[in-house]
Structure formats: structure tokens, C-alpha cells
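# Structural characterization, general
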Amino acid sequence: MKFRLLPVVAAAALLAACSTASEDAGSKSATGNTAPTTAGKTAPAPGSVEEFKVVVGDRVLFGFDQYNLSAEGQAVLKNQAAWLNKYTKYAVVVEGHADERGTREYNLALGERRANAVKAFLGAQGVKADRLKVVSYGKERPECGDSTEACWAKNRRGVSVLQ
Amino acid sequence: MMKSVRQMSLRRMGAALFGLAVAGVALAAAVAPHTARAEVKIDITRGKVEPMPIAIPDFAGPGDAGRFGGDVATVISADLERSGLFAPINKAAFIQDLPSLDTQPRFTDWRTINAQLLVQGVVEPQPDGRLRLAFRLWDIYGGEQMKGQAYVTQPENWRRVSHIIADEIYKRVTGEDGYFDTRVVYVSETGPATKRVKRLAIMDQDGANHHYLSDGSNIVLTPRFSPTAQEITYMSYYNGSPRVYLLNIDTGRQELLGDFPGMTFAPRFSPDGNKVVMSMAKDGNSELYDMDLRTRRTSRLTNHPAIDTSPSYSPDGQQIVFNSDRGGAQQLYVMDSQGNNVRRISFGDGRYATPVWSPRGDLIAFTKMKGGEFYIGVMRPDGTGERMLSNGFLMEGPTWAPNGRVLMYYRQEANGAAPQLFSIDLTGFNERRLVTPQGSSDPAWSPLLP
């Protein structure tokens, strides 16, 4: 994850927001939640990286060995696309990830499929192709290190990382 | 027994590593009473074999050279013991001292301690500063020399010559080529699962001479040896762009393989070393490509919207086994090496992955996922004879010892535990951990060193 340089106060708020985002990545971002109620007193600045992460939702989740986008995932990506079409200074690297319950090489291919599913959806929503890159991490960069269904669900993800 | 001096194939060693050649010379048989009897032989195709008791006294030698003698015996003992086929006898039990290679073994003394085999050896300094290591392998009950060989080498090569001697003993007793004079390249892992640091590492098959080939600043995966064991192909996230690379172990020279528009991964050398076959993923589709290392030409081998990955050549280079989900879930497929005549070979329950063709050609090892567990198994190239060797929470990535009798892979326990390398006999017995300084995954076993 890349953080932009921010004033100290804003950075503290960002840390609080981030921990919330990763804890609740499964439910909140997937349902396209709009208001970060637990993110602290100040809402993220419009057009900021943290707004994209916390308010819009930077990730979608996938089923086991799946790369199709759920209705919730599509809702998140519509919001991502609308935001990206508004704030055109950002490019996006879509990271595709898999859980640990597959073999390494297959999971690299699966992560690439997931990242491309996200890229294709954003593209269809009008985000220009030259702003979108993909990278697969397979099972190499889990969000969550435990061997539980809840963790694996969080790890099967496509994350849009702003550049 | 042969009286002539037989020159073994000159074993050329990597200049940067060893800096000399070792030639093995057969020793004339020592005079010994010959009794007609069945020869000592271990049938390694049987399931559980009772390890054969073997006595390996310290190699005898004068002064400075002598200090290697104990170490040489220790390395040979450890190699043979790890194979599960030999049971080295505690040195404290030995009755007879063997100060030279011409000392006649008193077979009754060795029978008393139940030895079936005896390795008699010496380490002798040469006028030019090199060492001469020589051994005789004795059949205690037959009272017969089974093998005798001498090697002249630089002192720093004592460990490698010890492995060569262990290979000779293994071969003489089992009838199969050994696998002790080999190395393993793998991925060393440190740190938590979410921030794992991965480094290429290389070591002898017994864990000695361990060192790192990369510094951990980029994720590195799936190293595999060239047939000469001088080069490695692997995948790296260098510059944030996951691609297949080629690394010369001795020179450290590294290069990107091919100019592909997408991620390249899952590389493997062809048996002649002239090609690397790999996957390239673009727009959500992974296909197999090969690259001619001389002409740098690449060709696409598969053309299917499914995931096609983990290719591995048959030892004659004519066929490729690979992993595809074109049938809906991960299964194993075989095609000819130009990409034609694709046929599915795995039909059991579960998902199949990481097929690797045995160097003998008779079997394909694979990873299988079924019922929430991972398995390492083997099947014939036509898909028959499927057999599981080991299972656990997570295990994958089998690699064959060059004799096709032993497999290595990695195991990982739940909750982000560090993975560990294990080896197992093709019979499914003798599973052993190979101790590494840190966590370890993605092992690749080298051919016998040239």
C-alpha cells in the first residue's frame, strides 16, 4: 500500500480509517457503504486517496476459485469508476489476489483473471484503458494471515491502488 | 574383477565453485576369499525396506589429511542414512581398525556387529597439495569387494567427493543411480504471511554450503535448474513487473526472458536446456509459450481461454504435461511439445496441479487438493496408477531427485506458519524434513552435478 504525504493530523485520521477499512473490507466496501461513520471526526478530503479507499471502497471480493464479479462487487466498481472519472489525475494498478488454498502458479493466473475482471468492468464504465494496469500477486500477499474461511474470503480480492 | 584402470567420465566442476576436475579411478579388487552367494542388493521398489546395516569407519589418513577422514565418513553416512535404505552402525561398536586401504578386513569382526556392508577408506595428501580419497565397499557376508574407487581433488572439494562416493555405494547396492552429488535451489521465507520476504537460496542436497542468490527486495518464486545445473530460471517481481528471469549461478548474470506484454510465470527448462517453457498471462488468459534460448524466438503452445500453466517436459522433450482448468476445474493434461494432441490425464476426485515429469519418464508427480487437504501424488503419464505419497494442510510443488526415486516438496501448516522442505521416497515411506536456516518453499532438485 502506498500512502501519500499528508499533514500529521490527517495522517492519524487516515490510520484509523485504514484499520477500519481492512477489518470490514468484506462487508462494508462490498455493500457500497457511503459514509465512513467510524473513520474519525473529519471525513476524508474529496478526491483524496483515503476517500477512494474508505468512502468509495478500493476492493472487491471473489468466491473460491472464482473471478466473476458479484452484484456487490459491481456496485463498488461503479462507484470506483464514477470517482475515477471525476478525479482523472490518478492512474490505477489493479492487484489480483488469491487465498492460500490453491497452488502457487495457478493462483498467479487466477489473480490475473480477477484483476482483469476489475479492469474490464472499470473500462466498461468509461475509465480509460491507459489509466488501468493489472498485477497479479497470486497468494503471495494475503491481507490476512490466518487459515480461516473469513480470512480466505478477505484475501480473494481485487484491489484498485491509486498511483 | 577388473584389473584395468578405468577412467570415469571426467567430472568437470563449475570453475567459480570448485576450480578443478575430479577423476575417479577404479581400484583393483583387493584379494579376498570368494564364496558363491547371492549378492548384497537392496530392492528399492519394495515398499518398506529394512535399512541395510553398513559400517563406515573414519577414512584413515596421515596428519593434516587425516582430519578430513572423519568428516568424509560423516557425510557419506548421513547421505546413506537419509535415503532410508541404509543403517550406519555406531562407530563405537567397531572392533577392527583399518589404518590403510590394504588392510584386509576381518569379516568375522564386522559380522559380530551385524554389518552387512563395510566402507573402507583413506584420505592421502599428494605431493602437489591435492588429496586422494579412495574407498573399498565390502560385502561382509560374501567376503567380497563390491566396489573400489579413488579420486584426486583439491582439499576444499572433500565434501563433494564424499557425496560422489555415497552415490557410488548407493548405485552398487541398489542398482539405481544415486542423487547425493546434487544441489537444491529454493525460496527462503521470513516474516509474517502478509509481508513475507522471499529470497532465492541454494544448498547441497544435505543442506550444506547454503547461500543466498537474491537479497529479498523483490518477491521471487519457483526457481528451476537447467540440465547443467549452472543456470536457474525463476519468476521475480523486479520493478513491480512479474516476469521470468534466467540466472547464471556462477557469474550472477541475470536476464529477463522474452519481451512479453503480460506476466510470465511457471518457467521450466526443456531437457536439452535449449528452451524454457512458461505461462504468459494477459487480459485474464494464461497460455503456454516456449522460448528458444539461442534464437530468442517465442511460440505460443496453447490457445484456450482457460488457465494453462505449470508446464513440464517429458525427459525426451517430446511431450509437455501441464495444468489447466479448461474442463471446469484444475486438471492435468498432456500434449506434444508443439502444443498439439492435448489430452486430459487426471480423472480422480479433487483438483490437480503442478505436474512434474519424472526424469525416468515413467511417472508424473503432482499436487492434489481434495476435501480441504493437499496431497503429493504420482501417476503414470497416461493417468493410470494414481497413488498418494503424503498429505497435509498445505503441501505443493514436488521436484524429482535425478534418479526418479525421491521427491522433494514443501509443507506449510495453518495460520501463516513458515513452510518447510520435505523429501519422501517414491514408495511413500521415509518422509524427512530438510532443515533450512529459515522457512523454505518451492524446492528444485538439480541433476547430478556435471
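We now turn to the structure provided with this report. The numbers attached to residues start from 1 for each chain and follow its sequence in the written order. For this description, chains carry letters from A and ligands carry numbers from 1, given in the order in which they are written. Local features are withheld for residues below a pLDDT of 70 in this predicted model, meaning they are given only at 70 or higher, and side-chain atom pairs are given and counted only at 80 or more; totals for whole chains, interfaces and linings count all residues. For side-chain calculations, the full set of non-hydrogen atoms in the structure is used, while hydrogens and water are omitted.

## Quick word on empty space enclosed by the protein
Residues are called lining when one of their atoms sits within 4 Å of a cavity or pocket point, these points coming from a 1 Å grid over the protein atoms alone, where a cavity is a set in which a 1.4 Å probe fits but cannot get out and a pocket is an open set with protein on both sides within 12 Å along at least five of seven lines. Grid points are joined across faces, edges and corners, and a volume is the space filled by probe spheres set on the points. Taken as a whole, this structure holds six cavities of 30 Å³ or more when the rule is applied. There is about 250 Å³ of room inside the largest cavity. The set of elements that each furnish at least two residues to the lining of the largest cavity consists of α6 (149–155) of chain A together with β28 (406–412) of chain B. Each residue is assigned to one class: nonpolar for Ala, Val, Leu, Ile, Met, Phe, Trp, Tyr, Cys and Pro, charged for Asp, Glu, Lys and Arg, and polar for all the others, Gly among them. When the residues that make up the lining of the largest cavity are grouped by side-chain class, the tally is eight nonpolar, five polar and nine charged. Secondary structure elements follow DSSP: runs of H or I no shorter than four residues count as helices, runs of E no shorter than two count as strands, and numbering proceeds from the N terminus.

## Focus: the environment of Ser-440 of chain B
Residues and elements named next belong to chain B. Along the chain, the position of Ser-440 falls in strand β31 (residues 439–445). With 18 residues separating them along the chain, Ser-440 and Phe-422 place their C-alpha atoms 9.7 Å apart. Between two residues, a contact is recorded if the distance between any of their heavy atoms is within 4.5 Å. The residues touching Ser-440, leaving out its near neighbours within four places in the chain, are Tyr-186, Val-187, Glu-189, Tyr-410, Pro-419, Gln-420 and Leu-421. Polar contacts, as counted here, are pairs of nitrogen or oxygen atoms within 3.5 Å of one another; within protein the pair requires one atom able to donate a hydrogen and one able to accept it, and residues that are adjacent in sequence qualify only if both atoms are side-chain atoms. Among the polar contacts made by the side chain of Ser-440, one reaches the main-chain amide nitrogen of Leu-421 at a distance of 3.3 Å.

## Some words on the packing of helix α4 (residues 71–86) of chain A against helix α5 (residues 104–124) of chain A
Residue and element names in this part refer to chain A. Lines fitted to C-alpha atoms define the axes, with helix axes restricted to the stretch in contact, and inter-axis angles between N-to-C directions lie between 0 and 180 degrees. Where α4 meets α5, the closest approach of the two axes is 9 Å, and the angle between their N-to-C directions is 55°. By the angle between their directions, the pair α4 and α5 is classed as oblique. Remark: the crossing between α4 and α5 carries right-handed chirality. Note on element contacts: α5 touches α4 through Val-118, Phe-121 and Leu-122, opposite Gln-74, Leu-77, Lys-78, Gln-80, Ala-81 and Leu-84. Note that the term roughly parallel is reserved for angles under 35 degrees, roughly antiparallel for angles over 145, roughly perpendicular for angles of 65 to 115, and oblique for everything else. Crossing handedness follows the turn of the near helix against the far one: under a right angle anticlockwise gives a left-handed crossing, and clockwise gives a right-handed one.

## Things to note about the nonpolar core
Definition of nonpolar core: a set of buried residues of the types Ala, Val, Leu, Ile, Met, Phe, Trp, Tyr and Cys, connected through side-chain atoms within 4.5 Å. For every residue, the accessible area obtained with a 1.4 Å probe (protein chains only) is divided by the maximum for its type, and the residue is called buried under 20%, exposed over 50%, and partly exposed between those limits. By size, the foremost hydrophobic cluster in this structure holds 46 residues, and its most contacted members are Ile-76, Leu-80, Phe-86, Leu-117, Ile-169 and Val-173 of chain B. In terms of residues, this core owes the most to one element, helix α3 (residues 158–174) of chain B, which gives eight residues. As used throughout, domain bounds are those supplied by an automatic or database domain assignment. Viewed by domain, this core spans two of them, domain 1 (11–174) and domain 2 (183–445) of chain B, each represented by three or more residues. What Phe-86 of chain B contacts, discounting residues up to four positions off in sequence, is Ile-42, Pro-51, Met-52, Ile-54, Leu-80, Glu-81, Leu-117, Ile-169, Tyr-170 and Val-173 of chain B. Val-56, Val-76, Leu-122 and Leu-162 of chain A belong to the second largest nonpolar core, which has 23 residues in total.

## Here we look at the environment of Val-76 of chain A
Residues and elements named next belong to chain A. Note that Val-76 resides in helix α4. Given the relative accessible area of 0%, Val-76 is considered buried. Along the chain, Val-76 and Asp-58 lie 18 residues apart, while their C-alpha atoms are 7.9 Å from each other.

## Quick notes on the sheet that holds strand β19 (residues 308–313) of chain B
Residue and element names in this part refer to chain B. Here the rule is simple: two strands pair whenever DSSP picks up at least two bridges between them. On the basis of which strands lie adjacent, the open sheet formed by four strands has the order β19-β20-β21-β22 and antiparallel pairing. Each edge of the open sheet carries a strand with a single partner, namely β19 and β22 (343–344). Here two bridges tie strand β21 (residues 331–336) to β22, and the two strands are oriented antiparallel to one another. What sits directly across from Tyr-333, in β22, is Arg-344.

## Here we look at the packing of aromatic side chains
Within 6.5 Å between ring centres, the rings of Phe, Tyr and Trp (the latter by its six-membered ring) count as paired, and their orientation is classed by plane angle as stacked under 30 degrees, edge-to-face over 60, tilted in between. One pass over the full model with this rule turns up 16 aromatic pairs over all chains. Measuring from ring centre to ring centre gives 6.4 Å for Tyr-238 of chain B and Tyr-245 of chain B, while their planes differ by 90°; the resulting arrangement is edge-to-face. Clustering of aromatic rings is evident, with ring pairs tying together Phe-52, Trp-83, Tyr-87 and Tyr-90 of chain A. The residue whose ring lies beneath Arg-101 of chain A is Phe-393 of chain B, and the NZ or CZ to ring-centre distance is 4.1 Å. Lysine and arginine charges are scored as sitting over a ring when NZ or CZ, respectively, is within 6 Å of the ring centre and within 35 degrees of the ring normal.

## Remarks on the layout of surface pockets
The computed volume of the largest pocket comes to approximately 1300 Å³. In terms of lining residues, the largest pocket is bounded by 45 residues, among which Val-93, Glu-95, Val-135, Tyr-137 and Val-161 of chain A are the most central. Of all the elements in the fold, those that place two or more residues in the lining of the largest pocket are α3 (49–57), β2 (92–97), α5, β3 (132–138) and β4 (157–162) of chain A together with β16 (275–282) of chain B. Ranked by the residues each element gives to the lining of the largest pocket, the list is headed by β3 of chain A, at six residues. In terms of residue class, the lining of the largest pocket is made up of 18 nonpolar, twelve polar and 15 charged. The wall of the second largest pocket is formed by 25 residues, among which Phe-225, Trp-357, Pro-359, Trp-445 and Pro-447 of chain B lie closest to the centre. Contributing elements (two or more residues each) for the lining of the second largest pocket: β11 (220–225), β15 (263–269), β19, β23 (351–357), β27 (394–400) and β31 of chain B. Looking at side-chain class alone, the lining of the second largest pocket contains 16 nonpolar, seven polar and two charged residues.

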